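As a plain string of letters, each chain reads:
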Amino acid sequence: MDTLSGFSIFVIVLVLLVIITIAFLVRTVPQGYNYTVERFGRYSRTLSAGLNLIVPYIDRIGHKVNVMEQVLDIPSQEAITKDNAGVRIDAAAFYQILDAAKACYEVSSLNDALMVLTMTNIRTVVGSMDLDQLLSHRDEINERLLRVMDAAASPWGVKVTRIEIRDILPPADIAGAMNRQMKAERDRRAAILEAEGLRQAEILKAEGQKQAQILAAEGRKEAALRDAEARERLAQAEANATAMVSEAISKGDIQAANFLIAERYTDALKSIAGAPNSKVVIVPIEAASLAGTVGGIAQLTKAVFGPDAAEARRQGSVPPAGRSGA
């Protein structure tokens, strides 16, 4: 009975030892982490994510390292620019551990080392730039800090991915001066834009007047051309009428001559009456007087161009029309 009890105890202890051994043998590493393995206190190897086996009682897990990208908040600090202006700068650094062994065994405290290194380089970069350049070239500052930090952290197995300047605060008096300068600049731009607008308006107005004068001149030119054309047609019509009347007279048509003489007579009366300098015009107002005048002219025409005048010219008693007697 005592032997059985001793054997049972041995089995139980053996089972417990096997369980403990298996527990020390198998290691599960979560995604995004690397574990360092130390053998007798010395770095042996690195376990990646997944199921891993180590030698029980000889190997042990040294450090559990986060290999995902991490952010390091850089405390706000004072820095002096190249032109001796004090500014307060707030920044953040992003990094990722690429080699877990170096990150654990090459530097004592990785986060503290990165923070001090970042703050020192921020002061160095700020001291090499003027205040205006510092405020307007944040991308350049970020690029310079990233280049310096990445080179400095590379021996630690760390990749610095980004450094962002979150805020740059100049002193209150400098900030007030900058605000006044910005307001003056905006007022100057507004005045320039207003003057440019007035200038453009005057130019457009002058262009409009020029176009109006050009169109008016073209209208006068067109009107003059049409008036000349009308006068030419009227002269041509009068010439044609005169030719027709002359032809009719030559054929012995006295009525045509009477019509032409009466028309010219009435046109002369119109011209006399419409003259701006005329004060009193004496004309034959009564229709009978006008008819008598036209009749007298008609008798004269008949005497010159009629059949009796032609017979008289043949006999030599009346001279031909348009020629004076000897």
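Residues numbered from 1 in each chain as written. Predicted model: local features only at pLDDT ≥ 70, side-chain atom pairs only at ≥ 80, totals over all residues. Heavy atoms only, no water.

Engineer: Can you tell me about the confidence of the model for the chain, naming the residues and giving the values?
Structural biologist: In the predicted model, the chain carries a mean pLDDT of 79, and the fraction of residues at 70 or more is 75%. Here residues 317–326 is a poorly scored stretch, pLDDT under 50, and it has 9 contacts once near neighbours within four places are set aside; other chains count. (pLDDT = per-residue confidence, 0-100. Contact = heavy atoms within 4.5 Å.)

Engineer: Outline the packing of aromatic side chains, listing residues and values.
Structural biologist: Summed over all chains, the structure comprises 1 aromatic pair. Here Tyr43 and Tyr105 contribute two aromatic rings whose centre-to-centre distance is 5.5 Å and whose plane-to-plane angle is 50°, an arrangement assigned as tilted. Pair noted here: Tyr43 is in strand S3 (residues 42–47) and Tyr105 is in helix H2 (residues 100–105), with a separation of 62 residues, a long-range link. The class for Tyr43 is partly exposed, based on a relative accessible area of 33%. A relative accessible area of 35% places Tyr105 in the partly exposed class. Cation over ring: Arg162 sits above Phe94, and NZ or CZ is 4.3 Å from the ring centre. (Phe/Tyr/Trp six-rings, centres within 6.5 Å; stacked < 30°, edge-to-face > 60°. Helix = DSSP H or I, 4+ residues; strand = E, 2+ residues; numbered from the N terminus. Buried < 20%, exposed > 50% of the residue type's maximum accessible area, 1.4 Å probe, protein only. Lys NZ or Arg CZ within 6 Å of the ring centre and 35° of its normal.)

Engineer: Tell me about the nonpolar core, and please be specific about residues and values.
Structural biologist: In this structure, Val87, Leu110, Leu114, Ile141, Trp156 and Val158 are the most contacted members of the largest nonpolar core, which totals 37 residues. If one sorts the elements of this core by residue count, helix H3 (residues 110–127) sits on top with 8 residues. Judged by nonpolar contacts, the second largest core, of 6 residues, contains Val29, Tyr35, Leu47 and Ile61. (Core = buried A, V, L, I, M, F, W, Y, C linked by side-chain atoms within 4.5 Å.)

Engineer: Talk me through helix H5 (residues 138–153); I want residue IDs and the actual numbers.
Structural biologist: With 16 residues, H5 should reach 22 Å at 1.5 Å per residue; the first-to-last C-alpha distance of 22 Å fits that figure. Buried residues of H5: Ile141, Asn142, Leu145, Met149 and Ala153, and no others. Burial along H5 is one-sided: seen end-on, the buried residues are contained in an arc of 95°. Exposed side of H5, more than 90 degrees from the buried face: Asp139, Glu143 and Ala151 are the residues found there. Where H5 is buried, its residues contact H3, helix H4 (131–136) and strand S8 (158–169). (Expected span 1.5 Å × (residues − 1). Arc of directions from axis to C-beta.)

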